[in-house]
Amino acid sequence: MQRLILSILILFPLITVAQEKFTISGYVEDELSGERLIGASVLVDKARGVASNQYGFYSLTLPAGSYGLACRYMGYKPAVKEINLSSDTVVNISLSLGLELKEVQVTASKSGGPRTASSLNYFNPDMETMNRIPAILGEQDLLKAIQFLPGIKGGAENTTGYSVRGGSADQNLILLDGVPVYNVNHLFGFFSVFNSDAIKNVSLYKGGIPARYGGRLSSVLDINMKEGNMQQQHGVLSVSPISARMTYEAPIVKDKAAYIVSFRRTMLDLPMLLYQKLIGLENSAGFNFYDLNAKANWLINPRNRVYLSVYSGRDKQFSKTNRDGINSKYYYKWGNITSVLRWNHQLSSKLFFNTSAYYSQYDLTNLILSKTDERYAKYRASSSLNDLSLTSDMDWYLSPSYTLRMGGKATIMHFAPNIIQTIDDEYETKRNQEDKNTANNLELYAENELTIKKIRANMGLRTVLFDTGEKNYVSVEPRFALKYNADNGLAGNIAFTQMSQFIHLLSNSSLGLPTDLWVGSTDVVTPQKSWQYSAGIEKRFLDYSVGVEAYYKEMENVIRFTEGAVFLSSQNKNWMENINVGQGKAYGAEFMIKKEKGSLTGMLSYTLAWSERQFNEVNQGAWFSYKYDRRHDLSLLGEYQIFKSDWQEKTFSFGFTLQSGNNLSIPDVEYQGLPMPGMEDYLGGIPEWSTVRQTYDNPNNFRMPVFHHLDLGYSTKRIKKQGKSITWTFSVYNVYNRMNPWYYYKDTRGKVKQVSIFPIMPSVSYKYSF
Amino acid sequence: MKQKTLIYYLLVMTSFWQACEKEVDLETKHPQKLCLNCVLNPDSLVTAELTLSRDINNGYNFEPVNDATLILYTDEGDNDTLVSAGNGKYSLHYKPREGTTYSILVKHNTFEDLQATATVPNRAFVTWKTDTTYSYPQENKYFVRVDMTVHDNPDETNYYWMKTFETNAVFIDDFNRDIDTESKYGYVYYYYLRFSDVGYNGQTMDLTFTRLSGIKWYLWSCDPHYDKYLKSTLKARLNAEKDLPFREPVQIYSNIENGYGIFGAVTATRIKF
């Protein structure tokens, strides 16, 4: 029966109607920069149309005749072209920036995107809007901004880790130009690695995830970098209290090739280093991070285009001391490198190929050097994950009502966890070399996008073979999403998503620590799996859209770390001894009201959610609340356009969130302990700590107080000649100075202390575009 | 200490924030449960201690429980009742045997029955040789370099513990290891060395370390429950000592059904340097 259903999912859509037809195909692009636009709607009437794909390509096959071809994309003036279709025709559509009917669209999804996805399953926010959301210390951060969306909950305040529909942070697939980024955190998770100036497009899937994506259980965040201006040079210089950013893009050969380079560096260490220098300290300590994004593309001919995209980012924490003749040096550094070489090939007016070879690396190194006249000691611990993949995808536009997507990916992953080298005058020791291992991954998918009258469906299947070297795992993942659009603006949708995850993040904290390591599934730790069911309705009326969606997700083989791994300690090579494998479930409902047009735009959302876990070894096998189990989550995000003209824009923005508090494990019981072996021989007697045990029955047994804060922002943009502009953004985080607890600890008197670290914080940032 | 300083520095530098700290009272009402502590050792008579748990920070002494019935069962079907010696202590004039599985049942009129099971591991077979490294003649003490070999028993999974702080054997669990550039290998192990025969079952495992002579020394072989209890206890201790802002509390392992504590087993191999 299961096979029959799977066959239907793949083969049923291949039924097409034979009739003399011709194809209109081409690209949708920005008129000024030549940047290809993702998800633009290309329509010949209300019912027939497609969305441009990730490379701006569209294809429409229609019977011969005359058509009015309309193209829409958020923030751009719509374009209409009259086409007399008597043969296959190439129509490239250039859209110019501008607002339709003097309206502003804020927080609305773009017009394209998966046509079966509900607005609660899929978000495609506009980056301009995202960049105006009030941000702490003026540093715009994509991963914090999405935490305002329904169904997405952050971990500790102002950190980039997020949970989607009750999943864990490592269950989110985060792609940068199609390449997985394995550590998305700077500064222990207070900032993400994504430089907002270099981002062109963001797609976020929470449910109904198409078969082209796989590898994580809970969500997909697909980020595309800008490609480079094909027409003219352009740059952005931005400064915030946290960092300075510079982006420059220009054509290499006009209309043929272009590049973009964007660099960001934190300025956190500069005041400290300056201070150390001024007072003549021989010791120095500091922290810094940087990101470098670079991308070039070459339009070889109308059918072929090549992209080369590179990202490198790194954090470094360091200290140098020179005391009593001992020179010591310490650093901890970690970072990602991603690079992808991509070839877009248009085989015919209906067939679009994308082939990529990519490399993604995450590594961390801890080095300690100690040197005197007599002795020398060095300790170096490093861990790395290398991912080398070859992917190929095909978009086949069989008819306006049917698109077939197929593709595959072959991956070699190399894990080198905790490789240690110690050197002193007598010894040189290398450890854990034997722990290096390799895993191979082969993935294939087929995805059918269908429109049958008012019904749109996306049915697909993804199969994965994961080879650990000792064991093979095979996963078959059906995907299904269906949307019914009534004429009155009412739409209903249902979706089913099965996902598998073959790599696991070793972490016992919701923070993004550099010690967090990815490891592959083993014969003991089997792949995680999830099954998500969702159903919802939405209604558009006047300037508003209202939606509600319910979901239920089951997870299998989820991992939980036994507590107590010490911050910044090395990872335990026997990591399998330190984990529990169990199951999870998450369910809830999300509500959203959006106002998409007018001077005042925004989104109000509410999520009612449960997320639970069960491990045989924990809480005597009973279910308990997961750390992201926040029952209520109310968010308001909005923008009011105060003034707009050809030379100036003034915008007021606001964000408010009110949530149930985070869950924590806090010892609430103590009992008599048995002294550790051999302690009876201690000269000072058995230490007290060995005779008392403090613990708790069920993890996450304490819920923090309600979490809320209001953030306000004001942005003024002055537009000058030749496309130059200056933007000042003023923001206040936590306007009414709510002391949300960040963590608790016990002081030496045994008293519990609550620590809040984000009081009211005003900030200003500056941006110069040229 | 260096790590702690750096982390606080980072917190301060990150956003110039002013950490706000206040004392809070957390609601920690927790029903009392029985706590049973009993570790079987073939070298000792069976002893157990039964006390009551309490809310955290709610006193200094644990209330002993003297009116319970403790029955020890063997896997051969025998059973014996432990005799109360007062102050929550119970004993049995019996030495547990290596390789035997025992279960314990605790009955009490007020609380739910407690149950647990443990198997006494076989005594570890250890060989070693020593070599004097340096001495303190005036104190009649000297340090010896010890080359020790643990001959693992292939018929059971073994968890070993011993008190040594510096060694570079590759199979040592690094959960309690920390960087110390002044130590011989660049790191030290806090309180104990822990290692298991996972990946080394039935093989020999060599350790080299330096110890002061004339002090009795043990290699403890623990059953899995006692091993987890020790490891979680030590993790909790390290967690408290580190005093770091992001630490997460440790749940102490217990195999006592309906209660707290530990019912485990250990054998000790004495080593004389």
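Analysis parameters
Positions within a chain are numbered from 1, following the residues in the order the chain's sequence is written. Starting at A for chains and at 1 for ligands, labels are handed out in the order in which the entities are written. Selection of residues for local features in this predicted model requires a pLDDT of at least 70, selection of side-chain atom pairs for listing and counting requires 80 or more, and totals for whole chains, interfaces and linings are taken over all residues. The side-chain numbers reported here are obtained from all heavy atoms of the structure, hydrogens and water having been left aside. Helix and strand assignments come from DSSP, with helices taken as H or I runs of at least 4 residues and strands as E runs of at least 2, each series counted from the N terminus. For every residue, the accessible area (1.4 Å probe, protein chains only) is compared with the maximum for its type, and the residue is labelled buried under 20%, exposed over 50%, or partly exposed between those bounds. Two residues form a contact once any of their heavy atoms are found within 4.5 Å. For the accessible areas, the method is Shrake-Rupley and the probe is 1.4 Å, while residue cover comes only from the protein chains on display. Here, a salt bridge means any side-chain nitrogen of Lys or Arg that lies within 4 Å of a carboxyl oxygen of Asp or Glu. Pairing between two strands is assigned when DSSP locates at least 2 bridges connecting them. Each Phe, Tyr or Trp ring, with Trp reduced to its six-membered ring, pairs with another whose centre is within 6.5 Å; inter-plane angles below 30 degrees give stacked pairs, above 60 give edge-to-face pairs, and intermediate values give tilted ones. Among buried residues, those of type Ala, Val, Leu, Ile, Met, Phe, Trp, Tyr and Cys that are joined through side-chain atoms within 4.5 Å constitute a nonpolar core. In protein, a polar contact means a hydrogen-donor-capable atom and an acceptor-capable atom, both N or O and within 3.5 Å, with residues adjacent in sequence counting only if both atoms are side-chain atoms; elsewhere, any N or O pair within 3.5 Å suffices. This count recognises Lys and Arg as positive and Asp and Glu as negative, with His and chain-terminal groups excluded. A score between 0 and 100, pLDDT records how confident the predictor is in each residue.

Asker: Help me out: how do you make sense of the overall build of chain A in this one?
Answerer: Helix and strand counts for chain A stand at 4 helices and 49 strands. Going through the 770 residues of chain A one by one, you find that 61% of them count as buried. Look at the contacts in chain A between residues 6 or more apart in sequence, and 66% of them connect residues 24 or more apart.

Asker: I tried to follow the overall build of chain B on my own but got confused; where do I start?
Answerer: A count of helical and extended segments in chain B gives 2 helices and 19 strands. In chain B, buried positions account for 53% of the 273 residues. For chain B, long-range pairs separated by at least 24 residues make up 65% of all intrachain contacts whose partners lie at least 6 apart in sequence. A total accessible area of about 12600 Å² is found for chain B, and carbon and sulfur atoms account for 47% of it.

Asker: What exactly am I supposed to notice about the pattern of salt bridges here?
Answerer: Side chains that carry opposite charge are capable of pairing whenever their charged atoms lie near each other. All names here are of chain A. What the rule picks out here adds up to 43 salt bridges over all chains. Its salt-bridge partner being Glu-227, residue Arg-305 comes within 3.8 Å of it at the nearest N-O pair. Pair noted here: Arg-305 is in strand 22 (residues 304–323) and Glu-227 is in the loop between strand 17 (219–225) and strand 18 (234–239), with a separation of 78 residues, a long-range link. Each of the two residues, Arg-305 as well as Glu-227, counts as buried. Where Glu-447 meets Arg-405, a salt bridge forms, and the shortest distance between an N and an O atom there is 3.5 Å. Pair noted here: Glu-447 is in strand 28 (residues 437–452) and Arg-405 is in strand 26 (residues 402–423), with a separation of 42 residues, a long-range link.

Asker: I tried to follow the sheet that holds strand 42 (residues 669–672) of chain A on my own but got confused; where do I start?
Answerer: Paired through their backbone hydrogen bonds, the strands of a sheet run either parallel or antiparallel. With antiparallel pairing, 3 strands are arranged side by side in an open sheet as 43(A)-42(A)-4(B). Unpaired on one side and paired on the other, strand 43 (692–695) of chain A together with strand 4 (54–55) of chain B mark the two borders of the sheet. Note: strand 42 of chain A against strand 4 of chain B, 2 bridges, orientation antiparallel. Paired with Glu670(A) across the strands is Arg54(B), a residue of strand 4 of chain B.

Asker: What should I look at first to understand unusual backbone geometry in this one?
Answerer: Excluding glycine, most residues fall at negative phi; most peptide bonds, likewise, are trans. Residues and elements named next belong to chain A. A positive phi angle, close to 55 degrees, is found at Lys-453, a residue other than glycine. On the secondary structure map, Lys-453 appears in the loop between strand 28 and strand 29 (455–467). Its identity as a non-glycine residue notwithstanding, Leu-542 has a phi of 45 degrees, on the positive side. Checked against the element boundaries, Leu-542 lands in the loop between strand 34 (528–541) and strand 35 (544–561).

Asker: Looking at this structure, how should I read the pairing of strand 19 (residues 260–271) of chain B?
Answerer: All names here are of chain B. In terms of burial, strand 19 is a largely internal element, 11 of the 12 residues being buried. Judged from the 6 bridges that link them, strand 2 (residues 34–40) and strand 19 form a sheet pairing that is parallel. Note on strand 19: the bridge partner recorded for Leu-40 is Ala-265. Sheet analysis places strand 18 (residues 217–222) next to strand 19, joined by 6 bridges and oriented antiparallel. Directly across from Trp-217, in strand 19, lies its bridge partner Ile-271.

Asker: I would appreciate a short explanation of the packing of aromatic side chains in the present structure.
Answerer: Two descriptors summarise a pair of aromatic rings, namely the distance from one centre to the other and the angle between the planes of the rings. All chains considered together, the criterion is met by 45 aromatic pairs over all chains. The interplanar angle of 65 degrees and the centroid separation of 5.3 Å between the aromatic rings of Trp689(A) and Tyr191(B) together place this pair among those described as edge-to-face. Placement of Trp689(A) in the loop between strand 42 and strand 43 and of Tyr191(B) in the loop between strand 15 (187–189) and strand 16 (193–196) is noted, with the two residues assigned to different chains. Relative accessible area serves as the criterion here: at 17%, Trp689(A) is assigned to the buried category. You can call Tyr191(B) buried: its relative accessible area is 18%. Centroid distance Trp728(A) to Phe730(A): 6.4 Å. Interplanar angle 15 degrees. Geometry classified as stacked.

Asker: How should the nonpolar core be read in this particular structure?
Answerer: Proteins that are soluble and globular tend to have nonpolar side chains buried together. In this structure, Met148(B), Phe195(B), Leu207(B) and Leu219(B) are the most contacted members of the largest nonpolar core, which totals 68 residues. Top contributing element to this core by residue count: strand 12 (residues 141–151) of chain B, with 4 residues. Not counting residues up to four positions away in its chain, the partners in contact with Leu207(B) are Val146(B), Asp147(B), Met148(B), Val150(B), Thr167(B), Ala169(B), Phe171(B), Ile172(B), Leu193(B) and Phe195(B). Core analysis: the next-biggest nonpolar cluster, separate from the first, contains 30 residues, Phe123(A), Met130(A), Leu204(A) and Met592(A) among them.

Asker: I'm lost on the sheet that holds strand 17 of chain A in this one. Help?
Answerer: Residue and element names in this part refer to chain A. Pairing within the open sheet is mixed, and its 5 strands lie in the order 9-16-17-12-13. Strand pairing shows two members of the sheet lacking a second neighbour, strand 9 (122–123) and strand 13 (179–180), which therefore form its edges. Note that strand 12 (residues 172–176) and strand 17 share 5 bridges and pair parallel. Its bridge partner being in strand 17, Leu-173 is matched across the sheet by Val-220.

Asker: How should the environment of Lys454(A) be read in this particular structure?
Answerer: Residue and element names in this part refer to chain A. One can find Lys-454 in the loop between strand 28 and strand 29. Sequence spacing of Lys-454 and Ala-491 is 37 residues, and the spatial spacing of their C-alpha atoms is 9.5 Å. Those residues in contact with Lys-454, other than ones at most four positions away along the chain, are Lys-483, Tyr-484, Asn-485 and Asp-487. Engagement of the side chain of Lys-454 in a polar contact is seen with the side chain of Asp-487, the distance being 3.0 Å.

Asker: Would you mind going over the side chain of Arg211(B) with me for this structure?
Answerer: With respect to the secondary-structure elements, Arg211(B) resides in strand 17 (residues 204–212). It is Glu166(B) that comes nearest to the buried, bridge-free Arg211(B) among opposite-charge side chains, at 7.9 Å.

Asker: Honestly, the confidence of the model for chain A in this entry has me stumped. Any pointers?
Answerer: Close reading of the predicted structure is inappropriate where its pLDDT is low. Residues and elements named next belong to chain A. For chain A, the mean per-residue pLDDT works out to 85, and 91% of the residues sit at or above 70. For the stretch residues 8–18, pLDDT sits under 50, and the model shows 19 contacts to residues farther than four places along the chain or on other chains. Long-range and interchain partners of residues 564–572, a stretch whose pLDDT sits below 50, account for 36 contacts in this model, where long-range means more than four residues apart.

Asker: Help me out: how do you make sense of the pairing of strand 46 (residues 725–733) of chain A in this one?
Answerer: Across a regular strand the side chains alternate sides, sitting on one face of the sheet and then on the other. Residue and element names in this part refer to chain A. Bridging between strand 45 (residues 707–719) and strand 46 involves 8 bridges; their strand directions are antiparallel. From the neighbouring strand, Thr-716 faces strand 46, where its bridge partner is Trp-728. In this antiparallel pair of consecutive strands, strand 45 and strand 46, the connection spans 5 residues, and Gln-722 shows a positive phi of 55 degrees.

Asker: Got a minute to help me understand the confidence of the model for chain B in this structure?
Answerer: All names here are of chain B. Here chain B averages 84 in pLDDT, while 84% of its residues score no lower than 70. Per-element averaging of pLDDT across chain B places helix 1 (residues 2–15) at the bottom with 49 and strand 2 at the top with 97. In the model, residues 13–18 has pLDDT below 50 throughout and makes 21 contacts with residues more than four positions away in sequence or in other chains.

Asker: Whenever I open this one, the environment of Ala268(B) confuses me. Can you help?
Answerer: Residues and elements named next belong to chain B. As for its position among the elements, Ala-268 is in strand 19. The sequence separation of Ala-268 and Asp-43 amounts to 225 residues, and the corresponding C-alpha distance is 8.1 Å. Sequence-distant contacts of Ala-268, defined by excluding residues within four places in its chain, comprise Asp-43, Arg-123, Tyr-218, Leu-219 and Trp-220.

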